[in-house]
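Residue-level structure breakdown
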Amino acid sequence: MMSIKAFTLVSAVEQELLAGDKERIHIECVECCGKNLYIGTADCFIYHFLLEEKTLPAGAASFTATRQLHRHLGLKKPVNELCAASALNRLLVLCDNSITLVNMLNLEPVPSGARIKGAVTFALNENPVSGDPFCVEVCIISVKRRTIQMFLVYEDRVQIVKEVSTPEQPLAVAVDGHFLCLALTTQYIILNYSTGLSQDLFPYCSEEKPPIVKRIGRQEFLLAGPGGLGMFATVAGISQRAPVHWSENVVGAAVCFPYVIALDAEFITVHSMLDQQQKQTLPFKEGHILQDFEGRVIVATSKGVYILVPLPLEKQIQDLLASHRVEEALVLAKGARRNIPKEKFQVMYRRILQQAGFIQFAQLQFLEAKELFRSGQLDVRELISLYPFLLPTSSSFTRSHPPLHEYADLNQLTQGDQEKMAKCKRFLMSYLNEVRSTEVANGYKEDIDTALLKLYAEADHDSLLDLLVTENFCLLTDSAAWLEKHKKYFALGLLYHYNNQDAAAVQLWVNIVNGHVQDSTRSDLYEYIVDFLTFCLDQELVWTYADWVLQKSEEIGVQVFTKRPLDGQQKNSFNPDDIISCLKKYPKALVKYLEHLVIDRNLQKEEYHTHLAVLYLEEVLRQKPSGSGKGGEATETQRKLRHLLQKSDLYRVHFLIEKTQGAGLPVERAILHGKLREHEKALHILVHELGDSAAAEDYCLWGSEGQDAPGRRRLFHMLLAMYLRAGEASAHELAMAAVDLLNRHAGEFDAAQVLPLLPGTWSVQLLCPFLTGAVRDSVHARRTAQVALGLARSENLIYTCNKMKLKGSAIRLSDKKLCQLCQNPFGEPVFVRYPNGGLVHTHCAASRHTTPSSPSPGTRT
């Protein structure tokens, strides 16, 4: 059991004030209505007191009772019960089985003498059903066996409404609307006195101890159950709350939300309705009365009256939080919702959640703390301020007052424990990262992101870079100093870049690459700088560092220009001529850039194509061994040169021919002659100088690209003729080349022209592939022509048939027939008829064919 101080017991009426000069007095019942306190005694007296509540300087409450009137009812019986009906200014007094109406102020019985006779006990209906504001509804247990009676009580008269029989003798009753909660001899029941329907609740033995029935709210009752349980029941006969455990010997019970208060012979116990735990125990001997009156709880012995004063719920909650009893505090705070105005409750509850969050945080219960911070809408700067130096120096934040926690900073909270401190920092990193993009961050995103950056930098966390390359609100001055302190120079460069200080960023990165400062964040920082400059819009900055990147690596550095995205508006485009001028000192880079212009961008500018070809040629000549003749396999540069010479039509051919003269580059010379349409010269070089029939065939294929069939044949016939005219020294080799040419490219030759040229010594078997292909092509051509002729004849026959059908049908023409184009009648029997049957003037048909927009009655004539 976890105790809490929920109530203080304060004396209201001492024995001396009540008894006066009497020797003995015995309190039987009490009633409180506002400031009016009424006490009924065993000697048939009613006493009236005025209660004044005062708050002492220490915050405690005290009561002063001023004795007013007292009156003897003229009987020798005790006053059993008192009940005030303030709307009628009447006090209902039960004495000697009779309920008398007396004036609340002078205690005089009503002149009419109205009373209810034969009552054992009674209860007021606090949820009346009559709707009459000038009466109260009273339920009595009658002296008649097993009988309940309902009365309407007015200022000076009473009226019976209903009499209901019960299955057993009733002992106690409470009323809510049409429903009675009754304690019978052996059980509790709910009885609807209007319909007579009843609902059994649970058994109870009245012989062991007296029953307790209390209405605690709309359609809900508190009952003394078996086994020392305080049971809750609704008018529907169900329980919506868990029972509370109290003493077996309870003689009285009351509710002061969220507590149930129970009285036995020695103690007053306080139980929570929220978690069913006993919260407080107050010693109180000889008590026999416990009742609540509109939130005021009164207990009494036979000699004195006392008031249980509740401590403010907020004070109770703060006491629980101070004891680190977070769950109980939250349960109590939630339960307080019904007693506090909505706006005030929300403010109070948010603060309680925040306080609870810091308690969990201090205990390193981070998941619970995070949920409480979120639910309590914590100003996250309250949390950041615990960590020294994380808030920016420019932040205007001051902690909440009164404070949400007792800690000056993280050092005090962790007592210098480095492991705990590290855990706290990891939690803050996680929490800030989660809330930075939510509404929690609104208004102080700079503080959050700057703190997050500092945590990442201090912990060498990978997320530092992610933070800086995405949208962030890190304050430059604070963040830059912190990153420099922790030697995070690459990250500092990203911060500069995000704040539009690209020059400072690049200079810092260059210093890292040059070794002037140490930062191993990126092993590929040089490539990163190149990539950064590639996409940089500041041309001046690019030119500033162009030489540096090229000196480091020409092949990579030139990417600053070659991989630069093309600007459609040409505002930030670099002039290629300026770049070429810059790259003259860097030959490898220059070649790469010209390749970019000519091949990638396909710029149609003669000087770029010629310049690139010359650079290729010079490199080929440098790589070519001195004194080499026909040469071996082509190098990579040589293949690039040949490809450029073949594909480009923009370079200066004559200039390059001069460059290749005597350079031992027959293939290149042949390509250049081919560009001038000097095919015979080109083939002569390949066949007679280079002696490479495969190269000659490739030349024919390249030279015939995009030409018609006769053009391709002329080129292949030219090569065949050159093979067949060979001298004796190379006759055999070229004859074999001629055979291979014919057999591989049979479709490129006209067999009728070729056959007369061939030596008579060549066998049919030698030329079998050529002859087979030639015959196949000839047969295919003849058959294709026959098919085409047949199709044409069929189409002509169809048109002839249609024409005969059209001529064979009669056409009726009268002066009422209108032209479908001009809508005028025909003046003579001359017309044009369309396939859809439409008739038009001959001149209208002619104008329609010259004016396509004219309306058309048909598509064919």
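Keep in mind the model is a prediction, meaning the values are calculated, not measured. (Residues numbered from 1 in each chain as written. Predicted model: local features only at pLDDT ≥ 70, side-chain atom pairs only at ≥ 80, totals over all residues. Heavy atoms only, no water.)

Turning our attention to unusual backbone geometry. Backbone torsion omega between Phe257 and Pro258 reads 5°, so that peptide bond is classified as cis. A cis amide bond links His401 to the next residue, Pro402, at an omega of 0°. Position of Pro402 relative to the elements: it lies in the loop between α6 (380–384) and α7 (410–414). A positive phi angle is found at Gln219, which is not glycine, with a value near 60°. As for its position among the elements, Gln219 is in the loop between β18 (213–217) and β19 (220–225). (Helix = DSSP H or I, 4+ residues; strand = E, 2+ residues; numbered from the N terminus.)

A few words on the sheet that holds strand β16 (residues 187–192). Here 4 strands make up an open sheet; going across it, the order is β14-β15-β16-β17 and the pairing antiparallel. Each edge of the open sheet is held by one strand with a lone partner, namely β14 (172–176) and β17 (198–203). Each adjacent strand pair in this sheet contributes to an overall mean axis angle of 15°, direction not counted. The sheet contact formed by strand β15 (residues 179–183) and β16 spans 5 bridges and is antiparallel. From the neighbouring strand, Ala183 faces β16, where its bridge partner is Tyr188. (Pairing = 2+ DSSP bridges. Axes fitted to C-alpha atoms, helices over the stretch in contact; angles between N-to-C directions.)

Here Gln354 is to be found in helix α4 (residues 342–362). Of the residues examined, Gln354 reaches a relative accessible area of 13% and is grouped as buried. Residues contacting Gln354, with those up to four places away along its chain left out, are Phe373, Gly376, Gln377, Leu378 and Leu404. (Buried < 20%, exposed > 50% of the residue type's maximum accessible area, 1.4 Å probe, protein only. Contact = heavy atoms within 4.5 Å.)

Attention now goes to the packing of aromatic side chains. The geometry of an aromatic ring pair comes down to the distance between the two centres and the angle between the two planes. Per the counting criterion, the structure on display carries 24 aromatic pairs. Taking 5.2 Å as the distance between ring centres and 85° as the angle between the ring planes, the aromatic pair formed by Trp509 and Phe532 counts as edge-to-face. One end of the pair, Trp509, is in helix α13 (residues 502–513); the other, Phe532, is in helix α14 (residues 525–534), and 23 residues separate them in sequence. Across the pair, exposure class does not vary: Trp509 and Phe532 are buried alike. Aromatic side chains Phe561 and Phe574 sit 5.9 Å apart centroid to centroid with 75° between the ring planes, which places their arrangement in the edge-to-face category. Remark: Phe574 occurs in the loop between α17 (559–562) and α18 (576–582) and Phe561 occurs in helix α17; sequence separation between them is 13 residues. (Phe/Tyr/Trp six-rings, centres within 6.5 Å; stacked < 30°, edge-to-face > 60°.)

For the rest of this paragraph, the subject is the side chain of His745. Examined against the element boundaries, His745 turns out to sit in the loop between α27 (731–744) and α28 (751–754). A polar contact of 3.1 Å, which involves the side chain of His745, links it to the side chain of Glu697. When residues no more than four places from it in sequence are discounted, the contact partners of His745 are Glu697, Leu701 and Phe716. (Polar contact = N/O pair within 3.5 Å; in protein donor to acceptor, adjacent residues only side chain to side chain.)

Among the nonpolar cores identified, the biggest contains 137 residues, and Phe361, Leu383, Trp509 and Leu583 are the most heavily contacted of them. Ignoring sequence-local partners within four residues, the contact set of Trp509 consists of Tyr489, Phe490, Gly493, Leu494, Leu525, Tyr528, Ile529 and Phe532. One finds Phe7, Leu263, Ile340 and Phe345 within the second-largest nonpolar core, a separate group that totals 35 residues. (Core = buried A, V, L, I, M, F, W, Y, C linked by side-chain atoms within 4.5 Å.)

Our focus in this paragraph is the sheet that holds β19. Strand order in this open sheet of 4 strands is β18-β19-β20-β21, and the pairing throughout is antiparallel. The sheet terminates laterally at β18 and β21 (244–245), the two strands that pair on one side only. Where strand β20 (residues 229–234) meets β21, 2 bridges bridge the pair, whose relative direction is antiparallel. Counted as the bridge partner of Leu229 is His245 from β21.

Before going further, it helps to spend a moment on the pattern of salt bridges. In total, this model carries 32 salt bridges according to the counting rule given. Between Lys315 and Asp319 there is a salt bridge, with its nearest N and O atoms 2.9 Å apart. Remark: Asp319 and Lys315 occur in helix α2 (residues 313–322); sequence separation between them is 4 residues, near one turn of the helix. Look at Asp319 and you get partly exposed, because its relative accessible area is 27%. (Salt bridge = Lys/Arg side-chain N within 4 Å of Asp/Glu carboxyl O.)

Purely geometric stuff here, so don't read any function into it on its own.
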